[in-house]
Amino acid sequence: MSTRPRISARISAISESATLAVDAKAKAMKAEGRPVIGFGAGEPDFPTPGYIVEAAIQAAREPRFHKYTPAGGLPELKQAIADKTRRDSGYAVEASQVLVTNGGKQAVYEVFATLLDPGDEVLVVAPYWTTYPEAVKLAGGVQVDVVADESTGYLASVEQLEAARTERTKVLLFVSPSNPTGAVYSREETEAIGRWAAEHGLWVVTDEIYEHLVYGGAEFTSIATAVPELGDRVVILNGVAKTYAMTGWRVGWLIGPSDVVKAATNLQSHATSNVANVSQMAALAAVSGDLSAVAEMRAAFDRRRQTIVRMLNEIPGVFCPEPKGAFYAYPSVKELIGKELRGKRPRSSSELAELILEEAEVAVVPGEAFGTPGYFRLSYALGDDDLVEGVSRMGKLLSEAR
């Protein structure tokens, strides 16, 4: 009998997506008849706008879309993404600089696989989205955390980034608006960070998937546009999932210099080939259309954002900075760790989240999943009534902590 491990060390080291795991457990409990309210998944509760669905229906009837198409994406969609990028962020690119991917996650994986050699370091601001560390790890890279907390609204400074930079640093991952915190960097902050990266010859990978979900006086600023001196060392990640309520359609993209896009396209040609053609045509309708449906969803998210922040801050021991973008609240629950609650003393935010799920039937994702224990992430992309009921249940339970 062989004594070799059945699963490779590379794949064994990957963690399950914590957000999807929480969502799956909540849905399983619902299936058992329990009235669970889930704040776990980052998924708009709206249906995909009708004109996008109609475009998909029409595409499904066309025989040419029943066949293989170019691995890097339909030419008309790549051009539409280039046009949309110029329209929304003022960044001019050619269609040849676009790679259409199977959702944003594939774009994340492919950019790090393309840029990193073993030992190359990537600066990542924590709290961070759960997929980034796994993509860096799979590429052989080393993630270096730059921790930001509630005292700065979860924004990292140039000084913090410089303190973390070494001779092995190759990439800065820049995310604004942020998942999980909703933090949004101002234009001035974005420019300062971009100039610092350019000065030190770093690549910047910028995830802009929440670009249209900003609130109040906040403004989305593309670092690629704001800092032209980054030149051909910037790669943009984006997709239709969040803006157009298309999480299940699985269409993302990356935009970058021609050599990077060509190399990533070669990788994709062996991994998955083309994205499903029907989904690509739906995405074409989305990015080519106006943003009126997006504006309606954003107004609802903004209303929910204000409600959830107010309610969370009314819970003793909870502090939640106001998120400026995306659709997440990221409150600190550090003051509640170790307190007695229903006969238990949770020693971590993870244990506290488990207790809330069992006792209040409310699902939240603990901060451990995002690199910063002592916090929760709550998505407010759910109905207003469920939001109020869920936070009320959680607040009632946590008010018992002693």
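Residues numbered from 1 in each chain as written. Predicted model: local features only at pLDDT ≥ 70, side-chain atom pairs only at ≥ 80, totals over all residues. Heavy atoms only, no water.

Peer 1: In this structure, what is going on with the overall build of the chain? I would like to understand it.
Peer 2: Across its full length, the chain carries 14 helices and 12 strands. The C-alpha radius of gyration of the chain comes to 21 Å, within 12% of the 21 Å expected for a compact globule of 402 residues. Expressed along its principal axes, the backbone C-alpha trace of the chain runs to roughly 65 × 60 × 55 Å. Looking at the chain as a whole, 56% of its 402 residues are labelled buried. Positive and negative side-chain charges in the chain, numbering 41 and 51 respectively, have mean positions lying 5 Å apart. (Helix = DSSP H or I, 4+ residues; strand = E, 2+ residues; numbered from the N terminus. Rg over C-alpha atoms; globule rule 2.2 N^0.38 Å. Buried < 20%, exposed > 50% of the residue type's maximum accessible area, 1.4 Å probe, protein only. Lys, Arg positive; Asp, Glu negative; His and termini not counted. Charge placed at Lys NZ, Arg CZ, Asp CG, Glu CD.)

Peer 1: Would you mind showing me how to read the sheet that holds strand S12 (residues 376-379) here?
Peer 2: Within a sheet, adjacent strands bond to each other through the backbone by hydrogen bonds, running parallel or antiparallel. Pairing in this open sheet of 3 strands is antiparallel, and the strands run S9-S12-S11 from one edge to the other. Strands at the two margins of the open sheet, each flanked by one partner only, are strand S9 (328-329) and strand S11 (365-366). As judged from the 2 bridges shared by S11 and S12, these two strands associate in the antiparallel manner. Residue pairing in the sheet places proline 366 in a bridge with phenylalanine 376 of S12. Against the sheet, helix H13 (residues 349-360) touches S11 and S12, its axis set at about 45° to S12. (Pairing = 2+ DSSP bridges. Contact = heavy atoms within 4.5 Å. Axes fitted to C-alpha atoms, helices over the stretch in contact; angles between N-to-C directions.)

Peer 1: What is the right way to look at helix H4 (residues 75-89) in this model?
Peer 2: Because each turn of an α-helix spans 3.6 residues, side chains separated by three or four positions in sequence point in the same direction. Look at H4: 21 Å from first C-alpha to last across 15 residues, which is about the 21 Å you get at 1.5 Å a residue. Listed as buried for H4 are Leu77, Lys78, Ala80, Ile81, Ala82, Lys84, Thr85 and Ser89. On its buried side, H4 packs onto strand S2 (98-101), helix H9 (223-226), strand S7 (234-239), strand S8 (252-255) and helix H11 (277-288). At the exit of H4 stands glycine 90, carrying a positive phi of roughly 75°. (Expected span 1.5 Å × (residues − 1).)

Peer 1: Explain the pairing of S12 here, please?
Peer 2: Consecutive side chains along a regular strand alternate between the two faces of the sheet. Taking every second residue as pointing to the same face, both faces of S12 are buried, with Phe376 and Leu378 on one and Arg377 and Ser379 on the other. Two strands pair when backbone bridges link them, and S9 and S12 are joined in this way by 2 bridges, in the antiparallel orientation. When the sheet's bridge partners are listed, alanine 329 is paired in S12 with leucine 378.

Peer 1: Help me out: how do you make sense of the packing of aromatic side chains in this one?
Peer 2: In this description, an aromatic ring pair is defined by two values, namely the gap between the centres and the angle between the planes. Per the stated rule, a full pass over the model turns up 11 aromatic pairs. Geometrically, the ring pair formed by tyrosine 154 and tyrosine 375 is edge-to-face, given 6.0 Å between the ring centres and 75° between the ring planes. With tyrosine 154 in the loop between strand S4 (142-147) and helix H7 (158-164) and tyrosine 375 in the loop between S11 and S12, the pair connects residues that are 221 residues apart, well separated along the chain. Neither residue differs from the other here; tyrosine 154 and tyrosine 375 are each classed as buried. Seen from their ring centres, phenylalanine 301 and phenylalanine 327 are 5.1 Å apart, and the 50° between their planes marks the pair as tilted. Here the residue phenylalanine 301 occupies a position in helix H12 (residues 292-313), and phenylalanine 327 occupies one in the loop between H12 and S9, the gap between them amounting to 26 residues. The class for phenylalanine 301 is buried, based on a relative accessible area of 0%. Under the relative-accessibility criterion, phenylalanine 327 is labelled buried at 0%. Put simply, the rings of Phe46, Tyr210, Phe301, Phe327 and Tyr328 pair up and form one aromatic cluster. (Phe/Tyr/Trp six-rings, centres within 6.5 Å; stacked < 30°, edge-to-face > 60°.)

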